[in-house]
Amino acid sequence: NAATNAATNAATNAAMASAATRAMVRRMRSTMATTAQATPSMTLVVGGERATRRVAWWLGGGCAWVFSMVVLGGMTRLTRSGLSMTDWKFEYEHPPLTDEDWAKEFEKYKQSPEYKKSNLGMTVEEYKFIYWMEYGHRMWGRVLGLYFVAPLAYFASKGYVTSALAKRLGVFFVLGAAQGMIGWWMVKSGLEEQEFSYDVPRVSPYRLATHLTGAFTIYTGMLWTTLNVIYPVSPSQSAGASKALIDATKRLHRVVHPLAGLIGVTAISGAYVAGMDAGRAYNTFPLMGGRWIPEEYLDQWEQKGWRNFFENTAAVQFDHRVLALTTLASVSAVWLGHRNSTALHPRTRMLLHALLATTAGQVTLGVTTLLHHVPVELGSAHQAGALTLFTVVLALMHSLRGPKRLRI
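Residues numbered from 1 in each chain as written. Predicted model: local features only at pLDDT ≥ 70, side-chain atom pairs only at ≥ 80, totals over all residues. Heavy atoms only, no water.

## Points about the overall build of the chain
Here comes step 1: Tallying secondary structure elements over the chain gives 13 helices and zero strands in all.
Here comes step 2: Mapped in sequence order, the helices and strands of the chain form the string α-α-α-α-α-α-α-α-α-α-α-α-α.
Here comes step 3: Counting every position in the chain, which comprises 408 residues, the buried fraction comes to 44%.
Here comes step 4: Sequence-distant contacts, at least 24 apart, represent 79% of the contacts inside the chain between residues at least 6 apart.
Here comes step 5: Accessible surface, the chain as shown: approximately 21100 Å² in total, 64% of it carbon and sulfur. (Helix = DSSP H or I, 4+ residues; strand = E, 2+ residues; numbered from the N terminus. Buried < 20%, exposed > 50% of the residue type's maximum accessible area, 1.4 Å probe, protein only. Contact = heavy atoms within 4.5 Å. Areas by Shrake-Rupley, 256 points an atom, 1.4 Å probe, with all protein chains shown as cover.)

This is how it looks when you write it as structure tokens:
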């Protein structure tokens, strides 16, 4: 009996210990999950609310600066100023200030294909305008580097900047320097005799697309980092997030990410439209040359194969139209499917509405720009609209970050 009682007691104690252990593990899981929701996995700024606010404003200013760089680059291209400077230096480039300096610089420009083919007879005064446009674009990029270095030194001395943020900023700095070299690589293609038989010398559309992709990449990283500082925890990562909110966020998350990819591809396809100057052809909508699909769509297929879709004006513009309208239809479908989801966070719903409005506005602006033969003002606004749309979809993606699951 004693043995039986001892065995029974031991079994009971073991069961109770096992139950207690399981309960403790459940509590630990719950505590760690709550901590993971309430605390970001990677803190970028330390020093309290004031430090966070200061760094956020600084990073936000950097995003705005990059945004302005993209718009200024578009204006430089639209005013045909991008080929006005025939050399490039990594460091500071001193502009011509005296009449003798201007004469030397203008003489170098006279040797370029652009002057010989499209600007023959241009005066020095006319040349000054396109020179200052390109010079301003280059210097604006260089000053951006100073904008980052000086405040970064101050914030680092105050102990605000974590190693994680410092690493990201280092990557952005390297990408910015590389972007300047890519820009010159692009410009150089328009200063040389090339295989494309253009009436007006232009930069390679491939290099222009590479340059724009680089700008979008830098902007994406900087904006995402800025949002991480402002909103380290997404609505569904917060401690009080309900199951309904998390489920609604997951459903929208699944469709917004591919939508962002479509928006990005559409924007990059616009670089080929710009590189080919295709916006000044087929200035009707919705038909192109009186047809839904332009007759010249495959004109260069036998000669160039897949390059037909990147070097044929008709194909480049038609593809951009199709991508733009597909983006509008896709955004509209996503909006219709989730607009009444009350479980979503108010910020997420606001960004979803903004996405539809921005997409519709961008498509309308694109058509208007086309119908008016791409004036500088509308062309620049359309390029700014593309980055604005990308900003909205990135902010929406950021608000849809899901809760992180910890394993023990």
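There's plenty left to go through after this.
## As for the packing of aromatic side chains
Here comes step 1: Here the structure, examined in full by the defined rule, presents 27 aromatic pairs.
Here comes step 2: Taken together, a centroid distance of 5.1 Å and an interplanar angle of 80 degrees make the contact between tryptophan 102 and tyrosine 131 edge-to-face. With a gap of 29 residues between them, tryptophan 102 in helix α3 (residues 99-110) and tyrosine 131 in helix α5 (residues 124-158) connect regions that are remote in the sequence.
Here comes step 3: The buried category is assigned to tryptophan 102, whose relative accessible area is 5%.
Here comes step 4: Relative to phenylalanine 310, the ring of tryptophan 306 lies with its centre 6.0 Å away and its plane at 75 degrees, an arrangement referred to as edge-to-face.
Here comes step 5: For phenylalanine 310, a relative accessible area of 29% corresponds to the partly exposed category.
Here comes step 6: Here the aromatic residues Trp58, Trp65, Trp140, Tyr147, Phe148, Tyr154, Phe155 and Tyr160 are joined through ring pairs into a cluster of three or more.
Here comes step 7: Across from the ring centre of tyrosine 231, 3.8 Å away, lies the NZ or CZ of arginine 347, which sits over that ring. (Phe/Tyr/Trp six-rings, centres within 6.5 Å; stacked < 30°, edge-to-face > 60°. Lys NZ or Arg CZ within 6 Å of the ring centre and 35° of its normal.)

## Thoughts on the nonpolar core
Here comes step 1: Among the nonpolar cores identified, the biggest contains 64 residues, and Val45, Val55, Leu59, Leu165, Leu252, Leu355 and Leu396 are the most heavily contacted of them.
Here comes step 2: Of all the secondary structure elements, the ones that give two or more residues to this core are α2 (48-78), α5, α6 (163-190), α7 (205-230), α8 (243-275), α11 (313-338), α12 (346-371) and α13 (376-399).
Here comes step 3: Looking at this core element by element, the count peaks at twelve residues for α2.
Here comes step 4: Setting aside residues up to four positions removed in sequence, leucine 165 forms contacts with Leu44, Val45, Val55, Leu59 and Thr225.
Here comes step 5: Listed in part, the eleven residues of the second largest apolar core include Trp102, Tyr109, Ile130 and Met139. (Core = buried A, V, L, I, M, F, W, Y, C linked by side-chain atoms within 4.5 Å.)

## Things to note about the side chain of glutamate 134
Here comes step 1: Tracing the chain through its elements places glutamate 134 in helix α5.
Here comes step 2: Those residues in contact with glutamate 134 that lie beyond four places of it in its chain are Thr76, Ser81, Gly82, Ser84, Met85 and Val187.

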